[in-house]
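# An overview of the molecular structure
Chain by chain, the residues run as shown.
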Amino acid sequence: MIDIQKIGRGILDKLDSVQEIEDDRSCGRITYAGDGIIHISGLEDVKYNELLEIQGGYHALALNLEKFSVGAVLLSGAEKVRYGDLVYSTGKTVQMRVGEELLGRIVDPLGDPVDGLAAIASQEYRPVEFPAPSIMDRAKVNKPLQTGILAIDSMVICIYVSIGQKASSLAKIVNTLRNEGALAYTCIVSSTADDPVPLQYLAPYSGCALAEYFMYQGKDVLIVYDDLSKHAVAYRTMGLLLKRPAGREAYPGDVFYLHSRLLERAAKLSEEKGGGSITALPIVETLAGDISAYIPTNVISITDGQIYLESELFNSGVRPAVNVGLSVSRVGGSAQRTAVRQISGQLRVNLAQYRELAIFMQFGSDLDAETAKTLSRGAKMTDALKQRQYLNYSVKDMVVLLTVSQSDLVDKIPEKRMHAFVEGLPDYIRVNRPQLLEAIDPDKKVSEELRSKMLAVAAEYIDCSVGEDAARPLAAEEN
């Protein structure tokens with residue numbers, strides 16, 4: 001027979017042997033787990049975006065705070081978390097590892113290395129969600145970030161955030177940065193298309209937390225978000241799985257706040273706050289060139305301007321394929337160097353007029369001399385703005401090229417030779433007339449005397465590059 005009393009005593013003995021663990025944290029149980037989403041009942045005192053700890057050492061992010069349950073997305077353990085598991089509140093938000101040690105490394109949105117190299121020694125963290133600097137803590141935007149299109153000045157710390165990109169695409173970017181010597185002052189926050197959606201959602205905020213660490217040390221930081229279209233899609237995916245009300249294009253209603261609270265953290269701090277800065281470069285993909293789509297218009301309304309790259313221009317050989325009509329700046333000349341602002345004042349308008357005229361002339365019409373001249377100059381100006389990948393111009397180079405390409409001197413150069421002329425002129429000046437570059441101060445207006453010297457050197461370069469009888473063969477080629 002079964003000894004009931006013996007079994008009872010055994011149970012009591014086991015209960016007595018269990019050590020009591022004091023834990024004043026709020027605790028609940030998982031009532032649903034699937035698709036990276038969990039619902040928790042009995043969990044009290046939870047805040048929005050709070051980090052939750054699940055038994056087994058896994059973590060989740062609280063996003064839905066309902067009356068009788070909490071909806072959260074799993075940051076880890078998607079295949080291990082089960083119905084009935086205990087969930088604890090932590091009273092903390094998600095934090096990103098920060099520090100100088102992250103430069104030159106590839107990390108995930110939590111700051112852990114994913115490049116196969118040694119562990120990162122830094123134990124300093126910043127919350128991924130942090131209030132943007134107040135108006136009083138900011139200074140005016142009056143300084144440009146000179147990049148030479150692709151080269152970032154070595155005094156600027158760079159953070160590249162990959163959001164939902166293919167691993168092969170990220171590998172190409174890493175190789176490019178390494179080959180150009182830029183990886184040493186760059187940190188890559190990686191969240192590829194194979195990573196869980198919550199990590200893709202966290203990636204830009206984590207990158208911004210790292211940027212803020214350097215900004216509050218008085219340093220200048222450039223952060224690239226590539227791209228926020230995929231970030232919005234990741235947020236939409238989480239919203240739909242959490243059964244949030246869907247709005248336009250099925251995005252949650254707070255999708256605008258998703259990006260505004262991120263991009264508003266980019267700022268130029270006042271001198272009292274250290275004078276550091278974050279320049280944010282958000283990339284947004286358009287479908288079929290539709291710049292008026294939901295996410296592009298949201299981001300455009302937040303930023304200080306946009307550079308619109310057009311696939312048709314790219315395919316036609318205009319690279320970088322900047323559409324000057326749709327590319328605008330709301331900061332304007334406030335952040336431009338004085339010399340560049342002086343010389344390029346009418347450039348955008350002239351290019352836009354040329355492209356409109358070129359489209360009109362496709363219908364066929366007789367050209368008068370003035371129209372032909374306008375079209376020729378516009379085509380040459382377009383060629384002057386073409387730039388080979390990884391070819392970088394200094395500000396002084398830009399002043400010279402903009403001055404020469406908008407002068408009557410370009411009438412002597414055939415269109416098919418304009419691009420080669422522009423590429424060769426800076427090198428010719430550096431070798432043969434270095435004193436000209438020394439005389440250029442980008443922060444001062446270009447005098448008429450200096451402009452004349454630039455044009456004289458450019459005319460000299462034309463003669464040297466095509467021979468003594470330059471005018472005759474050039475004119476013959478053009479005809």
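Look a little higher up for the structure.
Read on for a plain summary of the structure.

Each value, and the rule that gives it
Residues numbered from 1 in each chain as written. Predicted model: local features only at pLDDT ≥ 70, side-chain atom pairs only at ≥ 80, totals over all residues. Heavy atoms only, no water. Salt bridge = Lys/Arg side-chain N within 4 Å of Asp/Glu carboxyl O. Buried < 20%, exposed > 50% of the residue type's maximum accessible area, 1.4 Å probe, protein only. Axes fitted to C-alpha atoms, helices over the stretch in contact; angles between N-to-C directions. Helix = DSSP H or I, 4+ residues; strand = E, 2+ residues; numbered from the N terminus. Parallel < 35°, antiparallel > 145°, perpendicular 65-115°, else oblique. Left-handed = near helix turned anticlockwise from the far one by under 90°. Contact = heavy atoms within 4.5 Å. Nonpolar A, V, L, I, M, F, W, Y, C, P; charged D, E, K, R; others polar. Patch = residues over 30% accessible without salt bridge, like charges linked within 9 Å, V, L, I, M, F, W, Y side chains within 5 Å. Areas by Shrake-Rupley, 256 points an atom, 1.4 Å probe, with all protein chains shown as cover. Polar contact = N/O pair within 3.5 Å; in protein donor to acceptor, adjacent residues only side chain to side chain. Pairing = 2+ DSSP bridges.

Before going further, it helps to examine the pattern of salt bridges. Counted according to the given criterion, the structure contains 19 salt bridges. Linking Lys230 and Asp227 is a salt bridge whose minimum nitrogen-to-oxygen distance equals 3.1 Å. Of the residues examined, Asp227 reaches a relative accessible area of 4% and is grouped as buried. When the shortest N-O distance is used, the salt bridge between Arg451 and Glu448 registers 3.7 Å.

Their axes nearest at 9 Å, the elements helix 9 (residues 347-361) and helix 10 (residues 369-385) cross at an angle of 120°. Looking at the two axes, helix 9 sits oblique to helix 10. For helix 9 against helix 10, the interelement crossing comes out left-handed. Within the contact between the two elements, helix 9 uses Leu347, Leu351, Tyr354, Arg355, Leu357, Ala358 and Met361 and helix 10 uses Thr371, Thr374, Leu375, Gly378, Ala379, Met381, Thr382 and Leu385. In the contact of helix 9 with helix 10, the residues fall into 10 nonpolar, four polar and one charged.

A word on a nonpolar patch on the surface. Side chains of Ile4, Ile7 and Ile11 sit close together on the surface and give an oily, nonpolar patch of about 310 Å² of accessible area. Considering the arrangement of structural elements, one finds Ile11 in helix 1 (residues 4-17).

Glancing now at the side chain of Asp227. Tracing the backbone through its elements, the reader meets Asp227 in the loop between strand 12 (220-226) and helix 4 (228-241). Side-chain polar atoms of Asp227 contact the backbone nitrogen of Ser229, separated by 2.8 Å. Among the polar contacts made by the side chain of Asp227, one reaches the main-chain amide nitrogen of Lys230 at a distance of 3.0 Å. When residues no more than four places from it in sequence are discounted, the contact partners of Asp227 are Ile163, Gln165, Ile283, Val284 and Glu285.

Glancing now at unusual backbone geometry. Geometrically, the link from Asp226 to Asp227 is a cis peptide bond, its omega value of -5° lying close to zero. With an omega of 5°, the peptide bond running from Arg319 to Pro320 counts as cis. Relative to the helices and strands, Pro320 resides in the loop between helix 7 (311-315) and strand 15 (328-329). One non-glycine residue, Lys243, lies in positive phi territory at about 60°. Structurally, Lys243 is set in the loop between helix 4 and helix 5 (255-263). In this model, Ala288 sits at a positive phi of 55°, which is unusual for a non-glycine residue. By the secondary structure assignment, Ala288 is in the loop between strand 13 (277-283) and helix 6 (294-302). We classify Ala288 as exposed; its relative accessible area is 87%.

Moving on: the sheet that holds strand 5 (residues 70-74). The strand order around the closed barrel formed by six strands is 1-2-5-4-3-6, and the pairing between neighbours is antiparallel. Adjacent strand axes in the sheet meet at a mean angle of 45° when their direction is disregarded. Strand direction decides the pairing type here: strand 4 (residues 58-65) and strand 5, joined by five bridges, are antiparallel. Following the sheet pairing, Ala60 is matched in strand 5 by Leu74.

That is the geometry; function is a separate question.
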